[in-house]
Amino acid sequence: MKFGISFFPTVGPADKDAYRHYAECLALVELAEELGYDHVKAVEHYFFKYGGYSPDPVTFLAAAAARTSRIRLVTGAVLPAFTHPIKLAAKLAMLDNISGGRLDAGFGRAFLPDEFAWFEVPIDESRSRFDEGVEACRRLWAEEDVEWQGTYHRFGPVTLLPRPFRQPHPPILVAAALTPSSCESAGRNGYGLMLVPAINPREKVQDMLGLYRKAWADAGHEPGADVVHLSYNAYLAEDADEAFAGGDACSLRMNHAMRDAVAAWGRTRSDNYVGYENIVKKIAQHDFAGALADNRLLVGTPEQVTGQLRAIRDWFGDVTISLQIITGNPSYEDAVRTVRLFGEQVAPHFAD
């Protein structure tokens, strides 16, 4: 198993000013590099406390690249629906060169109705814009004199500059939430897959991974080369009671931030997001104890979290774990403790 840190903020100006937030996150990046973590990851969201301090993961990861030399940099994820593919491909290629080929390019569909409204993009075009955006970026990286005649963009012939450091292109990952077909598509195309197990029952996650791995194999991709990232909120302490109390408080604050961000699903329906109208009710049912019992959160002492990860490995196989250590707005000191305890006392149990 490999381990990294996913920076998913749930803060606003009343909690912490942006300058302090970025300074603390970049200090955590340096600590992650020191402790041997595999990657750091940044999301793309807007306006809400739920991710709103991370509107441009490429900018954050460029700053992370300047402070590190080894750790991989993962966009988790950029949103093609809101950016022209030439601009997006160029920004990512620039980051790949700045970092010496350490970019893993993760793409997502976005799922907040208000974000689509604010960008004046119809939410029912989500899937088609995503597919077109990812394929346009891939071709711009891998080919020269690209001519593109898509549904939403038409350009070329054009040769992207800079060319990506990694040839023919950086590793590509795609994010999936509730939609199994997204997993099949990722496997068929030979892309990595990013999931958040906290929002689905274990059996559904296993089914989604099964679809992904079968599609990967059926498409003839290299056996065993598939890549799966699973993101978990994480809070560790030496004392179990302290860990559970702190983890519960962070979980509740994250829940409140997400509740505000998804509220528009109470009045929105889309064939591109079947079942998302139920997300408001699910978020309102905060159940820290149940989530912990189901190993949908990584909370406890290093020994307890080690046990959780052994169960997760048994369920889902050899996967990459992304720790969401700032989600729920813990103190900086608590985030540092989680990163240190995990890196020094948990990760070594899973070293190959």
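Nothing here was measured: the structure is a model prediction, and the numbers come from that model.

S.K.: Is there a simple way to think about the pattern of salt bridges in this case?
M.R.: Where charged atoms from two side chains of opposite charge approach closely, those side chains can pair. This structure, assessed with the given rule, holds 18 salt bridges. Where salt bridges share partners, they join Lys16, Arg20 and Glu24 into one cluster.

S.K.: Would you mind going over the packing of aromatic side chains with me for this structure?
M.R.: Given two aromatic rings, one states the distance between the centres and the angle between the planes to describe the pair. In the structure shown here, the tally under the stated rule is 22 aromatic pairs. Relative to Tyr273, the ring of Phe116 lies with its centre 6.4 Å away and its plane at 70 degrees, an arrangement referred to as edge-to-face. Linking Phe116 in helix H4 (residues 113-118) with Tyr273 in the loop between helix H8 (240-262) and helix H9 (279-284), this pair joins segments that are 157 residues apart in sequence. We note that Phe116, like Tyr273, is buried. Lying across the ring of Tyr152, Arg129 places its NZ or CZ 4.1 Å from the centre.

S.K.: Whenever I open this one, the pairing of strand E3 (residues 72-75) confuses me. Can you help?
M.R.: Consecutive side chains along a regular strand alternate between the two faces of the sheet. Residue alternation in E3 divides its side chains into two sets, Arg72 and Val74 and Leu73 and Thr75, and both sets are buried. Pairing between strand E2 (residues 39-42) and E3: four bridges, direction parallel. Its bridge partner lying in E3, Lys41 is registered against Val74. Sheet analysis places E3 next to strand E4 (residues 103-107), joined by two bridges and oriented parallel. Directly across from Val74, in E4, lies its bridge partner Asp104.

Definitions and limits used
- Residues numbered from 1 in each chain as written.
- Predicted model: local features only at pLDDT ≥ 70, side-chain atom pairs only at ≥ 80, totals over all residues.
- Heavy atoms only, no water.
- Salt bridge = Lys/Arg side-chain N within 4 Å of Asp/Glu carboxyl O.
- Phe/Tyr/Trp six-rings, centres within 6.5 Å; stacked < 30°, edge-to-face > 60°.
- Helix = DSSP H or I, 4+ residues; strand = E, 2+ residues; numbered from the N terminus.
- Buried < 20%, exposed > 50% of the residue type's maximum accessible area, 1.4 Å probe, protein only.
- Lys NZ or Arg CZ within 6 Å of the ring centre and 35° of its normal.
- Pairing = 2+ DSSP bridges.

That's the geometry; what it means functionally is another story.
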